Amino acid sequence: MEWSDWSEEQRRAISRHEGNTLVSASAGSGKTAVVVEHVVRLITGTLEDADLPPVPVRRMLLLTFNNAVGEELRGKIHAELLKRVNGENAAHVRDQLYDLPFADIGTLHGYCKKLISEFFDVLGLDPAFNVADEEEKNRLFDRCTEDVLSKAAEEGDVKVYELAEFLGGREALKENIRAFYDRACADHNGLDKLQNEWMREYYLPLDKSNSVRFFIEKFRSVCKQALEEISELEKRLKGKLDRHRESLLADAAMIRAMRKVKTYDDMHALNISFPAAPRINKEEKEADTGELLESYKYLRDGYKKELTERAAMFAHSKAEERARMDSAREFVLTLTRLTLDVAAGYAEEKSRENKLDFDDLQQYACKLLDDPAIAKTVAQRYDYVCVDEYQDINDVQERLLQALTRKRQNLFMVGDAKQSIYAFRNADTTIFLKKYDKFSAGKGGEAVKLNRNFRSDAGILQFVNEIFGRLMTKNSCGFDYEKDGKFIVEGEVKPAVRLALFEKDKKRFFRLSSRTDTACARTPNACARQRQRPRLAISPTV
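Small disclaimer: the values here were computed from a predicted structure and weren't measured.

Caption draft 1: Seen up close, empty space enclosed by the protein. For the coordinates displayed, the defined rule picks out four cavities of 30 Å³ or more. For the largest cavity, the calculated volume is near 100 Å³. Around the largest cavity sit 15 residues that line it, and H38, Y384, N410, L411 and F412 are the ones nearest its centre. Those elements that provide at least two residues to the lining of the largest cavity are α2 (31-44), β2 (60-64), β6 (384-387) and β7 (411-415).

Caption draft 2: Representation of the nonpolar core in the model. Counting residues in each nonpolar core, the largest one holds 43 residues, and the members touching the most others are Y111, L115, I116, L369, V378 and Y390. Those elements giving two or more residues to this core turn out to be β2, α5 (108-118), α17 (358-369), α18 (372-379), β6, α19 (395-405), β7 and α20 (429-440). In contact with Y111, other than residues within four places in its own chain, are L61, L63, D104, V378, Y382 and L404. Counting residues in hydrophobic clusters, the runner-up holds 37 residues, among them I216, A252, L292 and Y296.

Caption draft 3: Geometry of the packing of helix α8 (residues 158-167) against helix α9 (residues 170-185). Here α8 crosses α9 at 95°, and the two axes come no closer than 8 Å. Overall, the two elements α8 and α9 adopt an arrangement that is roughly perpendicular. Across the interface between the two elements, V160, L163, A164 and L167 of α8 pack against A172, L173 and N176 of α9.

Caption draft 4: View of the environment of P278. Considering the arrangement of structural elements, one finds P278 in the loop between α13 (264-269) and α14 (282-286). For the pair P278 and L241, spaced 37 residues apart in sequence, the C-alpha separation works out to 10.0 Å. Ignoring any residue separated from it by four or fewer positions in sequence, one finds P278 in contact with R243, H244, S247 and Y296.

Caption draft 5: Spotlight on the sheet that holds strand β3 (residues 104-107). Taken in spatial order, the six strands make up an open sheet running β3-β2-β6-β7-β1-β8, and their pairing is parallel. Two strands close off the open sheet at either side, each with one partner strand: β3 and β8 (446-450). Neighbour to neighbour, the strand axes of the sheet diverge by 15° on average, direction disregarded. As judged from the three bridges shared by β6 and β7, these two strands associate in the parallel manner. Residue pairing across strands places C386 opposite F412, the latter belonging to β7. Across the sheet, α2 is in contact with β1 (21-25), β2, β6, β7 and β8; its angle to β2 comes to roughly 165°. This element, α5, spans β2 and β3 of the sheet and lies at about 120° to β3.

Caption draft 6: Highlighting the packing of aromatic side chains. The final tally for this structure, using the stated rule, is ten aromatic pairs. Ring geometry for F166 against F331: centres 4.6 Å apart, planes inclined by 20°, an arrangement best described as stacked. Linking F166 in helix α8 with F331 in helix α16 (residues 318-352), this pair joins segments that are 165 residues apart in sequence. Taking relative accessible area as the criterion, F166 reaches 46% and is therefore assigned partly exposed. Relative to Y346, the ring of Y181 lies with its centre 5.9 Å away and its plane at 80°, an arrangement referred to as edge-to-face. Linking Y181 in helix α9 with Y346 in helix α16, this pair joins segments that are 165 residues apart in sequence. With respect to burial, Y181 and Y346 carry one shared label: buried. Feature note: the residues F141, Y181 and Y346 constitute an aromatic cluster, connected by ring pairs. Above the ring of F141, the side-chain terminus of R178 is found at 5.0 Å from the ring centroid.

Cut-off values and rules
Residues numbered from 1 in each chain as written. Predicted model: local features only at pLDDT ≥ 70, side-chain atom pairs only at ≥ 80, totals over all residues. Heavy atoms only, no water. 1 Å grid on protein atoms, 1.4 Å probe; cavity = no way out; pocket = protein on both sides within 12 Å on 5 of 7 lines; lining within 4 Å. Points joined across faces, edges and corners; volume = space filled by probe spheres on them. Helix = DSSP H or I, 4+ residues; strand = E, 2+ residues; numbered from the N terminus. Core = buried A, V, L, I, M, F, W, Y, C linked by side-chain atoms within 4.5 Å. Buried < 20%, exposed > 50% of the residue type's maximum accessible area, 1.4 Å probe, protein only. Contact = heavy atoms within 4.5 Å. Axes fitted to C-alpha atoms, helices over the stretch in contact; angles between N-to-C directions. Parallel < 35°, antiparallel > 145°, perpendicular 65-115°, else oblique. Pairing = 2+ DSSP bridges. Phe/Tyr/Trp six-rings, centres within 6.5 Å; stacked < 30°, edge-to-face > 60°. Lys NZ or Arg CZ within 6 Å of the ring centre and 35° of its normal.

This is the structure:
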């Protein structure tokens, strides 16, 4: 593929060779092709506008989250190198084809295993360890959980009985123990934090609580969004439904006052009561204002419900909330004790069978790289580090990548926050989003957007933009689709989608009405996700 055939954005990503780079690549934007071209040009020393020597493939680290993707990437690099075997730096290219099967291209967990196998003596591990798959992990973990709960029952542990009753039974308690354990394993030394950092929340004054501050900020964000939507609609109502426009302006004045809240007491003192909507008179009924009236009703019902529900979370007085927090603390302390007991038994079982699970691989690798001497030794092996599907990274994996690249700032990251699918495995999309915002502001690296789709019809892309421009906002999911994710649509756009709307709940029309507090769910003191069974919320305000 000729250099001129790549888009301007793709050329910018491919050409990066200095400093950290984060490529936000939308669906169909040629992400894999860009990664392969970037790597191949580094290997062959043919980057445009850069006088760089060829980079040996064994001095590159390419990480993915899937074995098949890793092998596909290796295969595509091989195919591209074959095309250039008689071109510039031909002898070097032929050498790289021989070395490619031995290059560090594969999954992050596979790389962690390689590090542990090299430095097993530092960790005090048997070098002949095996990696337990999910089925083996579940078998061992469930057995240890049953042992701990059976022992608690034999000893008549009242606190465990009360916790199980609160959660809805023994099975629900087992689910919470596993969820708590998995969440801890996604943090660096997370199990050690269970009784330290994570419990601090329950001893802090309410106004310093992360949970309280989070929900106050969410309330303020809803106010901001409501004001923006009121501003849009009131302009359309002017001269057609002036009485309804005046009611929106009155609501806006109330919401601006609400938005000034800063403390728990401010939230508790709120008395949200919006006046009734104006009755439709004869002239308005006869005029062609049906669509405007529907928009008015949907919007107003939406923000009234949303603001009222969020304010209701602060209905208790400070003293009552403190008492609720203390009660929740006892439950969490019991859950923490049980989780640590299960973790200890699980570790013994794995040691007995000489097994490590996937969480162990990343935790042990991270422990190795916490040693400055080992981190320096390993980091010096690579001129460039590239990680695919970066949106699905977690805290431990991010720490590992930083240990490898902190000194040289040679990390090339590719992903798409809109396509993150591993939240159930405690992937933390906020790592991607925060870094994208930071790099976009020119701090710490460069952010590159690939928003040009080469697969889909322009009409479909336009439809996707219309839908997700409304759904994906900073307030709803931490990502501003209009600003950072919108597909580039050029030329004539013919309608490609026919949409059939079936109204179910008009009151939920307000854009923020689908409550997805994702940022909260990524903090230790997080609000509980909605589940079929009760699950203990690691948050005193829920």
